[in-house]
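# Secondary and tertiary structure notes
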Amino acid sequence: MGASPVADPFRYAEDRVGLTARVWACVAAPILVQLVVCLTTPVSVWGAVLGGTAALEVFALVLVHQCWETGIRVTAAEVRIGGCRRAERLAAKGRAPKSVVDPHFRLRTQFRVPIRAVRSARVLRRPQFDELPGKVITPAGQGRAVKRFGFVDLVSPLASAAALLEVDLERADMPAMSTYLVERLAPTRSTSRYLVTNRWTVATRHPEALSDALTRVGIPVTPADASALAVPDR
């Protein structure tokens, strides 16, 4: 599905929002290195090089999978971000999405908010959001600052642009956040690496088209200002 607005019910629809040329380059680079090594070096050196590049290739494929799952839907009534296609497939089968989600899988989770519950929007390009979003706090009794990230931060690595929505959480439709997977497998010094805020972010490959669509459905799109992402309200 492309990024341009399509016929109702979608005023805007975009899939695979994080799949930029840089992501595909991460996939291609290890393969090219392996090919060059196999063609130009003796078999005795293949093991170490191929092992290292294979690990990079696995990481790149995981990244592609995450980018592939994430999308955007804008209608006259609501904005949906995250695992839109997955939610649509579940709905077609009569199945409900999970009510509790590990933050590790948030890129494939759908988050919904009515148009009237979106207070404002910004569409940012790199390098405006390179350091954001995020919040540094000191948990009670821990004695050290811990950087926690927004639960609805769907800006995949190497994304070229992103949308920031400031929403009314009381009117949003979203799953509860479970304990982060790492915390269930090993002790940590903080209670959570993520927190729920009223600022949602999602990657986009077509910032102008998305900004226009948000404006057409009545969402106030303000000029891009990365400083607005620095400290979530809640």
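This report concerns the structure included in the present document. Remember, it's a predicted structure, so these values are computed and weren't measured experimentally.

Here we take up the overall build of the protein chain. Across its full length, the protein chain holds five helices and 13 strands. The burial tally for the protein chain puts 46% of its 234 residues in the buried class. Put simply, of all contacts in the protein chain between residues at least 6 apart along the chain, 79% involve residues at least 24 apart. A total of about 12,000 Å² of accessible surface is found on the protein chain, and carbon and sulfur atoms cover 60% of it.

With that out of the way, let us pick up the nonpolar core. Taken as a class, soluble globular proteins show a tendency for nonpolar side chains to be buried jointly. By size, the foremost hydrophobic cluster in this structure holds 34 residues, and its most contacted members are V79, I81 and W200. Contributing elements (two or more residues each) for this core: β2 (71-74), β3 (78-82), β5 (110-114), β6 (118-125), β10 (161-167), β13 (199-203) and α5 (207-216). A total of four residues in this core trace back to one element, the largest contributor, which is β10. Discounting residues that sit within four places of it in the chain, V79 has contacts with R73, V74, F111, R112, V113, I115, L165, L214 and I219. Among the nonpolar cores identified, the runner-up in size contains seven residues, and V23, V27, A60 and L63 belong to it.

Read across the open sheet, the four strands follow the order β6-β10-β13-β9; overall the sheet is mixed. Of all the strands in the sheet, the pair left with one neighbour each is β6 and β9 (153-154). Of the pairings in the sheet, the one linking β10 to β13 comprises five bridges and is antiparallel in character. Within β13, the residue paired with A162 across the bridge is A203. Sheet strands in contact with α5 are β6 and β10, and its direction is about 165° off that of β6.

Okay, unusual backbone geometry next. Although it is not a glycine, R16 sits at a positive phi angle of roughly 55°. With respect to the helices, strands and loops of the structure, R16 is situated in the loop between β1 (12-15) and α1 (21-40).

All right, on to the side chain of T201 then. Relative to the assigned elements, T201 resides in strand β13. Judged by relative accessible area, T201 falls into the buried class, the value being 4%.

Let us now look at the pattern of salt bridges. One pass over the full model with this rule turns up nine salt bridges. Close ionic contact of R205 with E14 constitutes a salt bridge, the shortest N to O distance being 3.9 Å. Pair noted here: R205 is in the loop between β13 and α5 and E14 is in strand β1, with a separation of 191 residues, a long-range link. The class for E14 is buried, based on a relative accessible area of 0%. Between R125 and E208 there is a salt bridge, with its nearest N and O atoms 2.4 Å apart. Of this pair, R125 sits in strand β6 while E208 sits in helix α5, and the two are 83 residues apart along the sequence. Overall, the relative accessible area of 47% leaves E208 in the partly exposed class. Overlapping salt bridges, with partners in common, bring together D15, R73, E78, R80, R85, E88 and R112 in one network.

In terms of residue burial, β13 counts as a mostly covered element, since five of its five residues are buried. Of the two faces of β13, both are covered, the one formed by R199, T201 and A203 as well as the one formed by W200 and V202. Inspection of the sheet shows β9 paired to β13 by two bridges, in the parallel sense. Paired with L154 across the bridge in β13 is V202.

Attention now goes to the pairing of β2. Neither face of β2 is open: one carries G71 and R73, the other I72 and V74, and all of them are buried. Direction of pairing for β1 relative to β2: antiparallel, over a ladder of four bridges. Each residue of the ladder has a partner; that of Y12, found in β2, is V74. Relative to β3, β2 runs antiparallel, the two sharing four bridges. Across the sheet, the residue bridging to I72 is I81, located in β3. In sequence, β2 turns back onto β3 through a hairpin of three residues.

Reading the values: rules and limits
- Residues numbered from 1 in each chain as written.
- Predicted model: local features only at pLDDT ≥ 70, side-chain atom pairs only at ≥ 80, totals over all residues.
- Heavy atoms only, no water.
- Helix = DSSP H or I, 4+ residues; strand = E, 2+ residues; numbered from the N terminus.
- Buried < 20%, exposed > 50% of the residue type's maximum accessible area, 1.4 Å probe, protein only.
- Contact = heavy atoms within 4.5 Å.
- Areas by Shrake-Rupley, 256 points an atom, 1.4 Å probe, with all protein chains shown as cover.
- Core = buried A, V, L, I, M, F, W, Y, C linked by side-chain atoms within 4.5 Å.
- Pairing = 2+ DSSP bridges.
- Axes fitted to C-alpha atoms, helices over the stretch in contact; angles between N-to-C directions.
- Salt bridge = Lys/Arg side-chain N within 4 Å of Asp/Glu carboxyl O.

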